[in-house]
Amino acid sequence: MKNILIYTGPSCNFCDAAKRLLERNKLKFSEIDVSSGEGIRDEMIKKSNGQRTIPQIFFGDHHVGGYTELRALEKENKLKDFLK
């Protein structure tokens, strides 16, 4: 199974919703708070091809997008298949 990485920020409702969705599906993930250090947001923007909003979610090296895209995968029952 691919590693899941989620870039988040403080007081972000979409970040919280994305983490709850992953937990509800019993998926382990790593979290990086973009406010926790200098250059982290720039790293996220570079990895996500210019996306500046949070959360930004990655399955392995694949950029999923934000909460909306993650939720769409869940609704289509493709979330766990996408992680193989």
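To keep things clear, this report deals only with the structure shown in the data block.

## Observations concerning helix α3 (residues 67-75)
Point 1. Buried within α3 we find Leu-70, Leu-73 and Glu-74. Considered in projection along α3, the buried side chains sweep an arc of 100° and stay on one side of the axis. Looking at α3, the residues exposed on the side facing more than 90 degrees away from the buried face are Thr-68 and Lys-75.
Point 2. On its buried face, α3 sits against α1 (13-24), β3 (56-59), β4 (62-65) and α4 (79-82).
Point 3. Count one or two residues on from α3 and you reach Asn-77, which has phi positive near 55°.

## Quick look at unusual backbone geometry
Point 1. Residue Ile-54 is joined to Pro-55 through a cis peptide bond whose omega torsion reads 0°.
Point 2. Positioned with a positive phi, Ser-11 is a non-glycine residue whose angle comes to about 55°.
Point 3. Mapping Ser-11 onto the fold places it in the loop between β1 (4-8) and α1.

## Looking at the state of the cysteines
Point 1. Within the structure shown, the criterion is met by one disulfide.
Point 2. One disulfide bridge connects Cys-12 with Cys-15, the sulfur atoms lying 2.4 Å from each other. Taking the sign of the torsion about the S-S bond as the criterion, the disulfide between Cys-12 and Cys-15, at about 75°, is right-handed. Like Cys-15, Cys-12 is buried.

## A short note on the environment of Leu-79
Point 1. When you line up the elements, Leu-79 lands in helix α4.
Point 2. Overall, the relative accessible area of 3% leaves Leu-79 in the buried class.
Point 3. Each C-alpha atom of the pair Leu-79 and Leu-27 lies 9.9 Å from the other, and the pair is 52 residues apart in sequence.
Point 4. Those residues in contact with Leu-79, other than ones at most four positions away along the chain, are Leu-21, Asn-25, Leu-27, Phe-59, Leu-70, Leu-73 and Glu-74.

## Structural notes on the environment of Ile-45
Point 1. Tracing the chain through its elements places Ile-45 in helix α2 (residues 40-47).
Point 2. Between the C-alpha atom of Ile-45 and that of Lys-75, which follows or precedes it by 30 residues, the distance is 27 Å.

## As for the side chain of Glu-74
Point 1. Turning to its location among the elements, Glu-74 is positioned in helix α3.
Point 2. A polar contact of 2.5 Å, which involves the side chain of Glu-74, links it to the side chain of Arg-71.
Point 3. Residues in contact with Glu-74, not counting those within four places in the same chain, are Leu-21, Arg-24, Asn-25 and Leu-79.

Thresholds applied
- Residues numbered from 1 in each chain as written.
- Predicted model: local features only at pLDDT ≥ 70, side-chain atom pairs only at ≥ 80, totals over all residues.
- Heavy atoms only, no water.
- Buried < 20%, exposed > 50% of the residue type's maximum accessible area, 1.4 Å probe, protein only.
- Helix = DSSP H or I, 4+ residues; strand = E, 2+ residues; numbered from the N terminus.
- Arc of directions from axis to C-beta.
- Contact = heavy atoms within 4.5 Å.
- Disulfide = S-S within 2.5 Å.
- Polar contact = N/O pair within 3.5 Å; in protein donor to acceptor, adjacent residues only side chain to side chain.

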